[in-house]
Amino acid sequence: MNRRPHKFDPSRAEQLERPERQDFLPNDRVLDLLELRGAETVVDYGAGSGVLTVPLARRLERGMVRAVDESPEMVEKLRERIKESGVRNGINYLIEQNRVPLGDGVADRILTVNLLHEVIGETALAEMRRLLSPNGLLLVVDWRGDVEREIGPPANVSLSPAEATELLEAAGFSVTPVQDTGFPYHFALLARSANPRTP
Ligand SMILES: C[S@@+](CC[C@H](N)C(=O)[O-])C[C@H]1O[C@@H](n2cnc3c(N)ncnc32)[C@H](O)[C@@H]1O
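We now turn to the structure provided with this report. (Residues numbered from 1 in each chain as written. Predicted model: local features only at pLDDT ≥ 70, side-chain atom pairs only at ≥ 80, totals over all residues. Heavy atoms only, no water.)

Comments concerning the pattern of salt bridges
Part 1 of the reasoning: Applying the stated criterion to the full structure yields 12 salt bridges.
Part 2 of the reasoning: Between Arg-81 and Glu-17 there is a salt bridge; the shortest N-O distance is 2.8 Å. Separated by 64 residues along the polypeptide, Arg-81 in helix H5 (residues 72–85) and Glu-17 in helix H1 (residues 14–17) bring together distant segments of the chain.
Part 3 of the reasoning: For Glu-17, a relative accessible area of 36% translates into the label partly exposed.
Part 4 of the reasoning: Here Asp-146 makes a salt bridge to Arg-144, at a shortest N to O gap of 2.8 Å.
Part 5 of the reasoning: Under the relative-accessibility criterion, Arg-144 is labelled partly exposed at 23%.
Part 6 of the reasoning: The structure contains a network of salt bridges with shared partners spanning Lys-7, Glu-70 and Glu-122. (Salt bridge = Lys/Arg side-chain N within 4 Å of Asp/Glu carboxyl O. Helix = DSSP H or I, 4+ residues; strand = E, 2+ residues; numbered from the N terminus. Buried < 20%, exposed > 50% of the residue type's maximum accessible area, 1.4 Å probe, protein only.)

Description of the sheet that holds strand E6 (residues 173–177)
Part 1 of the reasoning: On the basis of which strands lie adjacent, the open sheet formed by seven strands has the order E3-E2-E1-E4-E5-E7-E6 and mixed pairing. The open sheet has two edge strands with one neighbour each: strand E3 (90–94) and E6. When strand polarity is set aside, the average angle formed by the axes of neighbouring strands in this sheet is 20°.
Part 2 of the reasoning: Pairing geometry for strand E1 (residues 41–45) and strand E2 (residues 64–69), over five bridges, is parallel. Residue pairing across strands places Tyr-45 opposite Val-68, the latter belonging to E2.
Part 3 of the reasoning: Contacting E1, strand E4 (107–113), strand E5 (132–143), E6 and strand E7 (186–193), helix H6 (residues 124–131) crosses the sheet at an angle of about 145° to E5.
Part 4 of the reasoning: Sitting on the sheet, helix H7 (residues 161–170) touches E5, E6 and E7, and the angle it makes with E7 is about 20°. (Pairing = 2+ DSSP bridges. Axes fitted to C-alpha atoms, helices over the stretch in contact; angles between N-to-C directions. Contact = heavy atoms within 4.5 Å.)

Remarks on the pairing of E1
Part 1 of the reasoning: Within E1, five of the five residues are buried, which leaves the element mostly enclosed by the surrounding structure.
Part 2 of the reasoning: Here E1 shows no split at all, with Thr-41, Val-43 and Tyr-45 on one side and Val-42 and Asp-44 on the other all buried.
Part 3 of the reasoning: Handedness of the crossover joining E1 and E2 through helix H4 (residues 53–59) is recorded here as right-handed. (Right-handed = clockwise from strand over helix to strand, strands pointing away.)

Points about the side chain of Asn-98
Part 1 of the reasoning: Its location among the elements puts Asn-98 in the loop between E3 and E4.
Part 2 of the reasoning: Looking at Asn-98, its side chain comes within polar contact range of the side chain of Tyr-45, at 3.0 Å.
Part 3 of the reasoning: Side-chain polar atoms of Asn-98 contact the side chain of Glu-122, separated by 2.9 Å.
Part 4 of the reasoning: When sequence neighbours within four positions are dropped, the list of residues in contact with Asn-98 reads Tyr-45, Glu-122, Thr-123, Ala-124 and Glu-127. (Polar contact = N/O pair within 3.5 Å; in protein donor to acceptor, adjacent residues only side chain to side chain.)

So, in structure tokens, the structure goes:
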């Protein structure tokens, strides 16, 4: 795909926190798609300031969240948010070049929201595939490039669900789109390793 990744500007972090976000992308509805039982290890990839990380940690009574981001500014905000929330099962890491300091297959789930269009051409999807356990589930939610909207990244740097599926399949995932998400501006895709035995 002939696109360049469009990176989030950390000085706009407050955009992620705006209350209107919960109208068009409610945390609860996103987290419901992870099909959690409460004991999973979940990687929040590109966690940003942790809008989803903390409510996710609260759903994991016996599990934990490993939140990763490549931006030192965002990781600092994330660290503060986890600390202030009082959750004890959220750990965050600053990563470089998509190298996550966790073992192969440790993630029962990977959550990645508003990230895919930022990692086109990078090794992020290969890293997610490495981290995902053989029966694990990757949830990809991102801004749609094929709907009219006045918020979010420009359409020309965003992906259609078909383009996102193509990227995921090329990285070795099999993909099931979530139908009727109720999200006006976002797609949601569930992905599993296409051949879990292949490292
Ligand atoms: C638009 S924000 C979304 C944050 C969060 N997922 C949310 O929904 O609020 C995208 C985040 O992904 C991070 N990011 C971009 N590329 C990344 C990469 N290759 N590895 C880790 N984090 C990345 C950015 O630093 C930013 O914090």
